[in-house]
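Okay, here's what each chain looks like letter by letter:
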Amino acid sequence: THTHTHTHTCQPLNPPPCCTVLLLRACSRFALQSASEKFNTISKEVKANAKPYGWYSIIHTAEIFIEGMDKSFDFEGDDMPDQGLFNAEQRPKLIHSVGAVAGAKFVSNGRYNYTGVFRGADQCFVRFSLAAKPTTKPPVTIPGIAFKCLRDSVPSANTFAMYSLAGQESFNFFQHDLTNHPPDFNPDLVDSATRQLKKKFESASQWPTMVGLSDMAAYEQSGSRVNEPIFPFRLVFHPVSDVHTLFPSEPQKGDSFFLDQLATLKRGPVFSVFAQREPWNPTLEEIGLVALEEAPSSTRFGDKDMFFQHQRMEDDVALRPDWAADIDAILEEQQSAPAPGYQFQDLPWN
């Protein structure tokens, strides 16, 4: 009798739909696909299950202090790296555990000479999350975004932005500007968990509060490599006016209140993006906007499996060695700021 055997190995030619994101590592050809193929695969996974994966317990979150941080910087995939004995245990997302994901695009205004995806990218995802469960007494939320742009046949470009590592009193996700260099802090002004977390990241990067941008500038969405990447020192994601005022700042009920709020966002611009070209020049120039292609949705895959690579600031300094001394001076200023700690001024809203 003839038996049909179903194998789930991806053939070298044109990988079949078996290449779900959960099998990305088994499907080594995933990275070689076009940006839009990768976008569609991930999008399907994001939408497969809208139930949030949930917050980790205090005990579980303590694992972050024993897991190696280098993977956050060195793993180039789009789903969470394996770790453990035979890489069989999937790495948990211990901070920013709960969030909402939307397809998005970066629209450049074409006024500046930054390269790579800074020229524009329309196969992107933005994930909105809180770094920790919100508290009401005292009121604290710690909003942040992760931004991923897929590129043809090369790894995705990723960045992150937060207002503050310690958070804000307001429960409005869009109360403040977000930056990929959230201010460093005076160790005496924060709790020991925050101090330990920073120390942990320091095991992987000398400047752990800064996320580099050179990889975003290194390849365009088409996958073509840029010979001399041009990238800014720092980005600011400035919520557009109508989004900035959309949600209340008063404490809200429940620890996932922001998921329902985010689900009400409409297609269209959510952030104006500004760039600080050089560390010594505080001028911010508007370079474009992030626009949502759909409302952000809660997603088990986004919470549990989706990975956004952190880029070390060291990578940027390798190309711009003149920045190193400025970075040290900036961080020293931030670390010595009196309570409540150093804060960047928000750009004005009209």
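You'll find the structure just up there.
Residues numbered from 1 in each chain as written. Predicted model: local features only at pLDDT ≥ 70, side-chain atom pairs only at ≥ 80, totals over all residues. Heavy atoms only, no water.

A. View of the overall build of the protein. If you tally the helices and strands in the protein, you get ten helices and 13 strands. In the protein, buried positions account for 52% of the 350 residues. Here the protein displays about 16,600 Å² of accessible surface, and carbon together with sulfur accounts for 54% of that area. (Helix = DSSP H or I, 4+ residues; strand = E, 2+ residues; numbered from the N terminus. Buried < 20%, exposed > 50% of the residue type's maximum accessible area, 1.4 Å probe, protein only. Areas by Shrake-Rupley, 256 points an atom, 1.4 Å probe, with all protein chains shown as cover.)

B. Up close: the state of the cysteines. Counting across every chain of the model gives one disulfide. One disulfide bridge connects Cys124 with Cys149, the sulfur atoms lying 2.4 Å from each other. Measuring the twist about the S-S bond at about 100 degrees, one finds the Cys124-Cys149 disulfide to be right-handed. Linking Cys124 in strand 4 (residues 121-130) with Cys149 in strand 7 (residues 143-151), this pair joins segments that are 25 residues apart in sequence. You can call Cys124 buried: its relative accessible area is 0%. (Disulfide = S-S within 2.5 Å.)

C. Representation of the pairing of strand 4 within the structure. When you tally the buried positions in strand 4, you get nine out of ten residues, the bulk of the element. Across eight bridges, strand 3 (residues 98-108) lies against strand 4 in antiparallel orientation. Paired with Ala102 across the strands is Val126, a residue of strand 4. In the sheet, strand 4 pairs with strand 7 via seven bridges, with the strands oriented antiparallel. Paired with Ser129 across the strands is Gly144, a residue of strand 7. (Pairing = 2+ DSSP bridges.)

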